[in-house]
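Here is what each chain is made of, one letter per residue.
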Amino acid sequence: MKDSYLNDDFFSRLETLALNLRANLSGFFGGKHLVKTYGQTVEFSDYREYMLGDDIRRIDWNLFSRFEKYFLKLFTDERQMHVQIFLDCSASVGKVNPKKGAYAVGAAAALGFLAVHNMDKVSFKLMKGNRAEDPFGVLVGKNSFFRAISSLEDVAFEGDTDIAECVTTCPNVGSNDGLSVIISDFFTDSNWKKAVDYLTYKKRQVLLIQVISPEEQEPLYNGRVSLIDIESSDLADARNMKLRITRGLQLAYEEALRDMISDLKSFCNSREAGFLSVCTDKPIEKMLFGELLKVGIMA
Amino acid sequence: MKLLLPLGLLGLLGIIILILIYLLKPNYQQRVISSTYVWKLSLKYKRKRIPISILRSLLILLCQILIITACAFILADPVIREEVPEVGQERVVVIDGSAGMRTKYENKTRFELAVERAQEIAKQTADEGGVFTAILANPQANYLVERSGAENYDTVSQKLAELLGEEGNADDDKCSYEEGDIAGAVSLADRILMQNPAAEVTLITGTSYVGMDITDGKLKVENVSREGEWNAAILNAGAELVENYYKFWADISVYRSDGGGMNFLVRCMVKGANYYINSEGETVGPDGSPLVGNSYDTELTPTSVDGDLQMTSPSIFVGQSGDVVHVEWDTSDSENGNIYSYDSVWIHIDDGVQDSFDADNNFFLDGGMKQSVRIQYASSKPNIFFAGFFMGIRDTLRNRWTIDYDEVRNGASPEMEGYDFYVFERTMPATLPTDGVVLLVNPDKVPENLTGITLGDRITTEDPNGFLLAAGEPHPITQYITPENLPATAYRRILTYDGYTPLLFCGGDPVLLVRNEMNAKVAILCVETDFSMAGITYDFPMLMLNMFNYFVPSTVSQYLYEVGDTAALSARGPELTVSGGGQETTVDSFPQDYKFTRPGEYTLQQRISPEKAPIVENVFVKVSSKESDLFREEELRVKLSYQASTESSDYALLLYFASVLVGLLFLEWLLHSREGGL
């Protein structure tokens, strides 16, 4: 049976949530995200003195009566953001462990739903090889979103992925207009840091979600094992390994994984990017309602 | 350390196999995973621990090699020979205590020689500072002294000296008249060997033993028989009544070391030829003269030897050692006096024949004169049931008793003395006789001297099936009978019965009472037999037979025993005196087992009542015919188990190796668990 998290019940529970994006993003007109710039909403924000060229209709005459100076009343602005979700479609994510792939798709769909639910634009970038495909284009509104995710469930996880190449060569990345999410297991030799740096350079809010399975978190096999990397081309591939897995090696594995996650986290912190590492044995709702809230991307 | 199974060390080849297993890389289990990226990273961390890992791997390999080595040694059955304590020479002497050891030659018995030899060995052992054990192989083998050191030599010497009687009186020797338990004695010696396998075991005997241990030299046998010993023996004898005249026979043999034969005189003498027991219980001859003492006054002449008629010479010739000659003395021959009854027959080898073993030179055929029992039946209305029964047992028991049966007829007065068994039916005498057993059947009154009994009403029933009887406490008189088979339509109630034992009940009332005391041997049956079908059932004669056997038991079941046999003694009187074999014993509870320990004639004497003469019976106890063969050869079937003690040591060492093995297995498991798998 195909693993899938995408159903009405799943999305209905997400309706109470909203993305909490940085306020210094500029975005596009017509959204619901409050930004630092002043706009035409009804929510008061600040006063400033009248300057030549300002619309005199916006002068607050009550203040003038009190201070005999002209002040303009400023209101907050609300913008539409563009949420770009880069989904790693390499074989390591979903070929060996379909549940892990479904988990990653579920996380991408959930973030996409939150975006369209808050009148943002969303686009799914499927990273395959060294390019990011955009099969659905920019999605606005729930109808187009649901049409897209029905296809998203059928995405094939194959080959390997160069995250940096995919992100940096992706057209229409935009600038200072929204959130970029990279969903992957980050078990790759490619320089994913370059991708984060690129997105940061583009002044986009960045979130990295690492999805790993319980077997990857704590391997249960031991003894003499020939480990075949699913992304390897053949048995002679350098990525394949022959190991005598002992308790000591298992401890080393756990330590290496721990250090790798720590490295991801510290790098993201240094770039003011969010980072989240989740295991697929944790319910996806807990990830959405718990971990993402902790990161601050959800409100 | 010594290896009992050195081939077990072939198990060490397992070490080579283990190393080969380590050298030959085992097949890797293939596993497809999402990515080996983290595993590659982990190798950097793993490298830091390589020294500890190598050390652990070496320890595991070392443990496995040691485990295989321990297994190989366990297979090789390692032992550490227990050091024999420095006690000098240890000797075990087994002295044969069989009857054959009483063989006397040149004024010394074999047993005396054996004891002297044992004393010599004990002295020699003590001089060497060794340990000495002496075992006497009597019918019940036992240690005389067990592992006694040189410091206790005086005690040992005294114990050995106590085996012999007074100077020249071999009868008091501790040597038995039965077969000695040589096998048991050797087994006792084997216990010593288990403690000290180096001990030297010597069996001193007159019998030629063969066996594996003797051939191997583990058991040293010293034969104390001498060239000049010989034995003329009466192996068996008997009497047969042929056409109303007795024919006596005996099996005679000779045993010599040179295998030769011998000619000697065997005499057969009869006591009380054609005597009988009169009405007073006295044994008298045809002319009425009483039998006096041991008057074997009638000597018979052999009538045949091994089937050949030999009418003239009483001398018997045995061709060669071990031959058995069958001699007969037929009294149907007028020359031998036409003997139709006798008291005792003494067959013996003539006193002039001086053989080495005299315990088998005499043979007595006792029991020739049957005891007489007189029975009187008195009834106002005689019942054929009783008459039929007594006449029946007169014929059935004629080999055991001479039964005189008298019936008082037509209102005649019954005799009140002179009988052994009185039966009164219906009409009771004024007083009861006191010199015999009295059975009262359906009494109409209580005789004056019958105390403790009170009669009640006569009880009858109209039921055609009558009353059913029920058994009281178990008793020899009621054994083998079923009371329900003795129905009665009328009985007389007994109100009190102090001193009597109730054996049968009818409707809760006792109907059969018994009392067996010196002057009161009384049974009361208050069922009216002529109103009952009891008389025609099997159970009635059985009840009467039980009663007869209970009050008039045979003293012994046979008149010929072997030394070591046990006889069940019974008596008609309160006590029985057994004299013979140099001792006298009085028995007062019956039946009583009595073991005959010496050969010879035993006298059994009892007194039934003060008024009557004592009853005297004789039985003869012979030695085993096997013991008469002084030069027999026997196989010793007991095997000395030298190896037993060493095996127990081996086992102890195996335990140590097994413990080490378990420890190594635990250590190996611990190292594996620390490492987390292979």
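Draft legend 1. Expanded view of the interface of chain B and chain A. Counting residues at the interface gives 24 residues for chain B and 38 residues for chain A. Considering only the side of chain B, the residues that lose the most area to chain A are Y28, S34 and W39 of chain B, jointly responsible for 23% of the buried surface there. Here chain B is connected to chain A by zero salt bridges. Here chain B and chain A share twelve residue pairs in polar contact (both at pLDDT 80 or more) between them. Of all elements in the fold, only β2 (29–33), α2 (37–47) and α11 (643–675) of chain B reach the threshold of two or more residues within the side of chain B that touches chain A. Ranked by the residues each element gives to the side of chain B that touches chain A, the list is headed by α2 of chain B, at nine residues. For the side of chain B that touches chain A, a count of residues per class yields eleven nonpolar, seven polar and six charged. As paired strands, strand β9 (residues 223–229) of chain A and β2 of chain B are joined by five bridges and run parallel to one another. Paired with L227 of chain A across the bridge in β2 of chain B is R31 of chain B.

Draft legend 2. A look at the packing of aromatic side chains. Considering all chains together, one arrives at 44 aromatic pairs over all chains under this definition. Taken together, the aromatic side chains of F10, F11, F113, F124, F136, F145 and F146 of chain A make up a single cluster linked through ring pairs. The ring centre of Y419 of chain B lies 4.3 Å from the NZ or CZ of R374 of chain B, which sits over that ring. One residue, R515 of chain B, lies across the ring of Y500 of chain B, its end atom 5.3 Å from the ring centre.

Draft legend 3. Expanded view of the nonpolar core. Of all hydrophobic cores here, the largest spans 62 residues; its most connected members are F386, F390, F421, L439, I524 and F548 of chain B. Tallying contributions element by element places helix α9 (residues 539–551) of chain B first for this core, with seven residues. Every residue in contact with F386 of chain B, bar those within four places of it in the chain, is listed here: Y377, Y405, V423, E425, L439, V441, T529, F540 and M544 of chain B. Ranked by size, the runner-up nonpolar core spans 52 residues in total, among them I149, V278, I284 and L292 of chain A.

Draft legend 4. The arrangement of helix α4 (residues 98–117) of chain A in detail. Residue and element names in this part refer to chain A. The terminal C-alpha atoms of α4, which comprises 20 residues, lie 28 Å apart, in line with the 28 Å expected from a rise of 1.5 Å per residue. For α4, a buried count of 17 out of 20 residues is recorded, marking the element as mostly surrounded by other parts of the structure. Looking one or two places after α4, you find M119, whose phi comes out positive at around 65 degrees.

Draft legend 5. Region of the structure containing unusual backbone geometry. For the bond from F590 of chain B to P591 of chain B, the omega torsion is -10 degrees, close enough to zero to count as cis. On the secondary structure map, P591 of chain B appears in the loop between β37 (583–587) and β38 (592–595). In the Ramachandran plot, E272 of chain A falls in the positive-phi region, its phi being about 55 degrees despite a non-glycine side chain. Within the secondary structure, E272 of chain A is located in the loop between α9 (247–270) and β11 (274–279).

Draft legend 6. Inspection of the pattern of salt bridges at higher detail. Residues and elements named next belong to chain B. Inspection of the entire model under this criterion finds 46 salt bridges over all chains. Measuring nitrogen to oxygen at the nearest pair gives 3.2 Å for the salt bridge that ties E128 to R91. Of this pair, E128 sits in the loop between α4 (110–127) and β7 (131–137) while R91 is found in strand β4 (residues 90–96), placing the two residues 37 residues apart along the sequence. A residue is classified by how much of its surface remains accessible, and E128, at 40% relative accessible area, is partly exposed. For E517, the salt bridge identified is with R515, shortest N-O distance 3.5 Å. When salt bridges that share partners are traced, they join R91, R117, E120, E128, E200, K220 and E222 into one network.

Draft legend 7. Quick look at a nonpolar patch on the surface. A cluster of nonpolar side chains, contributed by L7, L10, L13, I16, I19, L20, L23 and L24 of chain B, occupies part of the molecular surface with about 840 Å² of accessible area. Among the structural elements, L7 of chain B can be located in the loop between β1 (2–3) and α1 (13–23).

Draft legend 8. Quick look at the packing of α4 of chain A against helix α10 (residues 284–295) of chain A. All names here are of chain A. In the contact formed by α4 and α10, the axes pass within 10 Å of each other and the chain directions differ by 50 degrees. Classified by the angle their axes make, α4 and α10 are oblique. When you trace α4 past α10, the crossing you get is right-handed. Contacts between α4 and α10 pair Y103, G106, A107, A110 and L111 from the former with I284, M287, L288 and L292 from the latter. Taken together, the residues of the contact of α4 with α10 break down into eight nonpolar, one polar and no charged.

Draft legend 9. Representation of the sheet that holds strand β39 (residues 600–606) of chain B in the model. All names here are of chain B. On the basis of which strands lie adjacent, the open sheet formed by five strands has the order β34-β40-β39-β36-β37 and mixed pairing. The sheet is open, and its two borders are formed by β34 (560–562) and β37, each paired with just one other strand. Ignoring strand direction, the axes of neighbouring strands in this sheet form an average angle of 25 degrees. In this sheet, strand β40 (residues 615–622) lies alongside β34 in parallel orientation, the contact comprising three bridges. Bridge pairing in β40 places E562 opposite K622.

Criteria and cut-off values
- Residues numbered from 1 in each chain as written.
- Chains lettered and ligands numbered in written order.
- Predicted model: local features only at pLDDT ≥ 70, side-chain atom pairs only at ≥ 80, totals over all residues.
- Heavy atoms only, no water.
- Contact = heavy atoms within 4.5 Å.
- Buried area = accessible area lost by both parts, 1.4 Å probe.
- Salt bridge = Lys/Arg side-chain N within 4 Å of Asp/Glu carboxyl O.
- Polar contact = N/O pair within 3.5 Å; in protein donor to acceptor, adjacent residues only side chain to side chain.
- Helix = DSSP H or I, 4+ residues; strand = E, 2+ residues; numbered from the N terminus.
- Nonpolar A, V, L, I, M, F, W, Y, C, P; charged D, E, K, R; others polar.
- Pairing = 2+ DSSP bridges.
- Phe/Tyr/Trp six-rings, centres within 6.5 Å; stacked < 30°, edge-to-face > 60°.
- Lys NZ or Arg CZ within 6 Å of the ring centre and 35° of its normal.
- Core = buried A, V, L, I, M, F, W, Y, C linked by side-chain atoms within 4.5 Å.
- Buried < 20%, exposed > 50% of the residue type's maximum accessible area, 1.4 Å probe, protein only.
- Expected span 1.5 Å × (residues − 1).
- Patch = residues over 30% accessible without salt bridge, like charges linked within 9 Å, V, L, I, M, F, W, Y side chains within 5 Å.
- Areas by Shrake-Rupley, 256 points an atom, 1.4 Å probe, with all protein chains shown as cover.
- Axes fitted to C-alpha atoms, helices over the stretch in contact; angles between N-to-C directions.
- Parallel < 35°, antiparallel > 145°, perpendicular 65-115°, else oblique.
- Left-handed = near helix turned anticlockwise from the far one by under 90°.

Read these as layout, nothing more, since geometry by itself doesn't imply function.
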